[in-house]
Amino acid sequence: MASALKDQGNKAFQAKDYDKAVELFSKAIDLEPENFVLWSNRSAAKAAKKQYSAALEDAEKCISVNPSWSKGYARKGAALHGLRRYDEAIDAYESGLRLEDNPALRRGIKEVLDAKAGSEELPPGFKKSPEAPSSPPPQPQASTSKPAEPAPAPAQEQEDVEMEDAEEAKAKKEAEAEKKAGSEAYKARDFEKAAAHFSKAWEIWPKDITFLTNLGAVYFEQSEYDKCIEACEKAVEEGRSLRADYKLVSKALGRIGTAYARKSDLTTAIKYYQKSLTEHRTSDILNKLRETERAQAEAARLAYIDPEKASQAREEGNAHFKAGDFVGAVKAYTEAIKRDPQDPRGYNNRANAYTKLVALPEALKDAEEAIKIDPKFVKAYIRKSHVLYVMRDYTKAIEAVEQAADHDAERKHSREIQEQVIKCQQALFSQREGENEEETLQRAMRDPEVAGIMSDPIMQSILQQAQSDPAALQDHMKNPSVREKIMKLINAGIIKTR
């Protein structure tokens with residue numbers, strides 16, 4: 001809304017409807033009192049109406065809001081010129097020049113000096129007005145010389161604006177040319193040259209923060225991450241003052257985050273990614289944030305690993321388990337897993353505790369994770385079989401314990417394995433008792449693995465052959481893959497053994 005009022009005020013000013021311009025700028029100021037440009041514009045409009053005292057007040061306000069903006073001092077100088085406070089006007093223009101070597105400021109000083117020189121030639125009896133000069137009074141009769149003309153008021157603000165616009169357009173064009181040259185050097189990976197061009201662009205026309213973000217990109221490619229951060233932080237700071245597009249500010253913040261990520265300062269990188277997303281949400285920065293958060297979590301996880309403390313936690317879990325405190329056991333075993341996630345014993349022990357708590361899906365998942373970590377860990381296969389038994393999936397329980405037997409090369413667990421096989425087979429027999437062949441087939445086909453085997457054309461051919469030649473089945477079982485499938489069908493009750 002304030003921006004629209006400002007644009008309307010500018011149009012009124014250009015049409016020399018200064019009353020309307022003052023009215024529109026005033027409304028805009030009510031909405032955005034911290035917008036220094038609005039105070040500057042209203043000062044210009046009031047000066048055009050020769051209301052120099054009011055123009056000075058607005059110029060002073062403009063400077064108080066943004067002391068680093070040279071144009072505010074130009075407005076102050078023009079108002080003081082109109083009030084014929086020439087020395088103060090020169091001081092104001094010189095204050096602006098200390099911030100920026102601007103032709104408009106130099107021209108303002110020259111106009112004040114010319115006006116001051118002219119005023120010193122005025123004859124006695126000529127009165128100076130604090131506001132716009134009025135017609136001089138009649139000359140005293142004793143004087144025969146013609147009175148000097150009053151010092152001219154400042155050049156029309158309209159003319160100043162037009163000249164400033166032309167100079168600014170020229171500076172902008174030169175800066176854009178430097179930016180284009182910098183982009184071409186960047187693409188050619190001539191980073192030193194690119195940095196020089198982007199720096200020059202900002203020096204010529206410090207009103208486009210893309211010059212700074214591009215400079216930051218150059219430093220990033222050179223692995224000069226601190227310089228990249230510095231350039232982009234300046235872009236953010238200047239962008240706030242210039243009221244730059246929030247998308248550009250967001251991009252600068254995102255680049256700072258990426259630089260910190262490269263410096264392995266993930267916490268600060270996350271902070272700047274979040275700031276970037278607050279300004280403008282993009283999938284690129286969002287993905288970088290998530291990736292960095294995952295990296296930070298992984299770094300914390302790796303830093304937490306300590307096999308010695310894992311052993312202590314596992315022993316603590318064993319003590320809780322023996323005392324019947326299965327919840328406490330799960331907690332201790334979980335700590336052991338965090339301290340040493342590559343030790344399958346933590347998962348296997350927690351699976352046992354979960355089984356006691358009848359948290360069977362969690363128990364099965366832990367047993368399978370233990371097997372994944374160490375495929376030769378016999379106890380994990382036995383634990384999996386126990387969990388499946390409790391889940392009343394006797395066929396899979398038998399398969400799991402058979403896998404345990406396959407990996408028990410030294411037969412250290414043969415007795416436990418045999419007992420588990422017998423227990424599972426008895427339960428399976430009891431489950432199938434009273435079933436006819438059709439019911440057995442229907443139950444077995446509810447298992448996706450069994451259904452997949454039965455729909456396999458090769459297995460269908462083997463089963464058809466076995467019906468006429470049972471001995472052929474033994475030959476086929478010499479193939480490990482076929483043997484595994486046949487055992488699956490036997491355990492499911494589809495293939496009967498005698």
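Residues numbered from 1 in each chain as written. Predicted model: local features only at pLDDT ≥ 70, side-chain atom pairs only at ≥ 80, totals over all residues. Heavy atoms only, no water.

Draft legend 1. Structural detail: the overall build of the protein chain. The secondary structure content of the protein chain amounts to 26 helices and zero strands. Taking as baseline every contact in the protein chain between residues at least 6 positions apart, the subset at least 24 positions apart corresponds to 55%. When the accessible surface of the protein chain is split by element, carbon and sulfur atoms take 49% of a total near 28100 Å². (Helix = DSSP H or I, 4+ residues; strand = E, 2+ residues; numbered from the N terminus. Contact = heavy atoms within 4.5 Å. Areas by Shrake-Rupley, 256 points an atom, 1.4 Å probe, with all protein chains shown as cover.)

Draft legend 2. Here's a closer look at the packing of helix α15 (residues 307-322) against helix α16 (residues 326-339). It is the contact of α15 with α16, at a shortest axis distance of 8 Å, that shows an interaxial angle of 165 degrees. In terms of orientation, α15 and α16 fall into the roughly antiparallel class. Seen along the crossing, α15 lies across α16 with a hand that is left-handed. Here α15 contributes Pro307, Lys309, Ala310, Ala313, Arg314, Glu316, Gly317, Asn318, His320 and Phe321 to the contact with α16, which in turn contributes Phe326, Gly328, Ala329, Ala332, Tyr333, Glu335, Ala336 and Arg339. Residues of the contact of α15 with α16, tallied by class, amount to nine nonpolar, four polar and five charged. (Axes fitted to C-alpha atoms, helices over the stretch in contact; angles between N-to-C directions. Parallel < 35°, antiparallel > 145°, perpendicular 65-115°, else oblique. Left-handed = near helix turned anticlockwise from the far one by under 90°. Nonpolar A, V, L, I, M, F, W, Y, C, P; charged D, E, K, R; others polar.)

Draft legend 3. Structural detail: the packing of helix α4 (residues 52-65) against helix α5 (residues 70-82). For the pair α4 and α5, the least separation of the axes is 8 Å and the interaxial angle reads 160 degrees. Of the possible angle classes, the one that applies to α4 and α5 is roughly antiparallel. You can see that α4 and α5 cross each other, and the crossing is left-handed. Contacts between α4 and α5 involve Tyr52, Ala55, Leu56, Ala59, Glu60, Cys62 and Ile63 on the former and, on the latter, Gly72, Tyr73, Arg75, Lys76, Ala78, Ala79, Leu80 and Gly82. Of the residues that constitute the contact of α4 with α5, the class distribution is ten nonpolar, two polar and three charged.

Draft legend 4. Looking closely at the UniProt feature "domain: STI1" (unreviewed entry) in the protein chain. The UniProt record annotates "domain: STI1" (unreviewed entry) at residues 447-486. Secondary structure across residues 447-486 divides into 80% helix and 0% strand, with the first and last C-alpha atoms of the span separated by 15 Å. (UniProt positions renumbered as here; feature names shortened; annotations may be inferred.)

Draft legend 5. Quick look at the packing of aromatic side chains. Counted by the stated rule, this structure contains seven aromatic pairs. Taken together, a centroid distance of 5.7 Å and an interplanar angle of 15 degrees make the contact between Tyr260 and Tyr272 stacked. Remark: Tyr272 occurs in helix α13 (residues 266-279) and Tyr260 occurs in helix α12 (residues 246-262); sequence separation between them is twelve residues. Of the residues examined, Tyr272 reaches a relative accessible area of 10% and is grouped as buried. In this arrangement the basic side chain of Lys275 is found over the ring face of Tyr272, its NZ or CZ atom lying 4.9 Å from the centre. (Phe/Tyr/Trp six-rings, centres within 6.5 Å; stacked < 30°, edge-to-face > 60°. Buried < 20%, exposed > 50% of the residue type's maximum accessible area, 1.4 Å probe, protein only. Lys NZ or Arg CZ within 6 Å of the ring centre and 35° of its normal.)

Draft legend 6. The arrangement of the UniProt feature "repeat: TPR" (unreviewed entry) in the protein chain in detail. UniProt feature "repeat: TPR" (unreviewed entry): in the numbering of this structure it lies at residues 2-35, 70-103, 175-208, 250-283, 310-343 and 344-377. In this annotation, residues 70-103 is assigned 82% helix and 0% strand; the end-to-end C-alpha distance for the span is 11 Å.

Draft legend 7. Molecular detail of α16. With 14 residues, α16 extends 20 Å between its outermost C-alpha atoms, agreeing within 8% with the 20 Å of an ideal straight helix rising 1.5 Å per residue. Among the residues of α16, those classed as buried are Gly328, Ala329, Val330, Ala332, Tyr333, Ala336, Ile337 and Arg339. Considering only its buried residues, α16 is in contact with α14 (283-304), α15 and α17 (344-356). (Expected span 1.5 Å × (residues − 1).)

Draft legend 8. A look at α17. Given a rise of 1.5 Å per residue, 13 residues ought to cover 18 Å, and the 19 Å separating the end C-alpha atoms of α17 matches this to within 8%. Most of α17 sits out of view: ten of its 13 residues are buried. Buried within α17 we find Pro344, Gly346, Tyr347, Asn348, Arg350, Ala351, Asn352, Ala353, Tyr354 and Thr355. Next to the buried residues of α17 lie α15, α16, α18 (360-373) and α19 (378-390).

Draft legend 9. Structural context of the confidence of the model for the protein chain. Per-chain confidence: the protein chain averages 87 in pLDDT, with 90% of residues scoring 70 or above. Contacts from residues 126-153, a stretch scored under 50 in pLDDT, to residues over four places away or in other chains number 41 contacts. A low-confidence stretch, residues 155-159 (pLDDT under 50), is modelled with 14 contacts involving residues beyond four sequence positions or located in other chains. (pLDDT = per-residue confidence, 0-100.)

Draft legend 10. Region of interest: the pattern of salt bridges. Counting across every chain of the model gives 27 salt bridges. A salt bridge links Asp87 to Lys116; the shortest N-O distance between them is 2.6 Å. With a gap of 29 residues between them, Asp87 in helix α6 (residues 86-99) and Lys116 in helix α7 (residues 103-119) connect regions that are remote in the sequence. Under the relative-accessibility criterion, Asp87 is labelled partly exposed at 47%. (Salt bridge = Lys/Arg side-chain N within 4 Å of Asp/Glu carboxyl O.)

Draft legend 11. View of the side chain of Asn348. In this fold, Asn348 is placed in helix α17. Among all residues touching Asn348, those that are not within four sequence positions of it are Ala370, Phe377, Lys379, Ala380 and Arg383.

Draft legend 12. Highlighting the environment of Ala181. On the secondary structure map, Ala181 appears in helix α8 (residues 157-187). Distance in space between the C-alpha atoms of Ala181 and His197 is 6.5 Å, their sequence separation being 16 residues.

Draft legend 13. Focus on the state of the cysteines. The full count for this structure, using the stated rule, is zero disulfides. The thiol sulfur of Cys228 is not disulfide-bonded, and the nearest other cysteine sulfur, from Cys232, lies at 4.3 Å. (Disulfide = S-S within 2.5 Å.)

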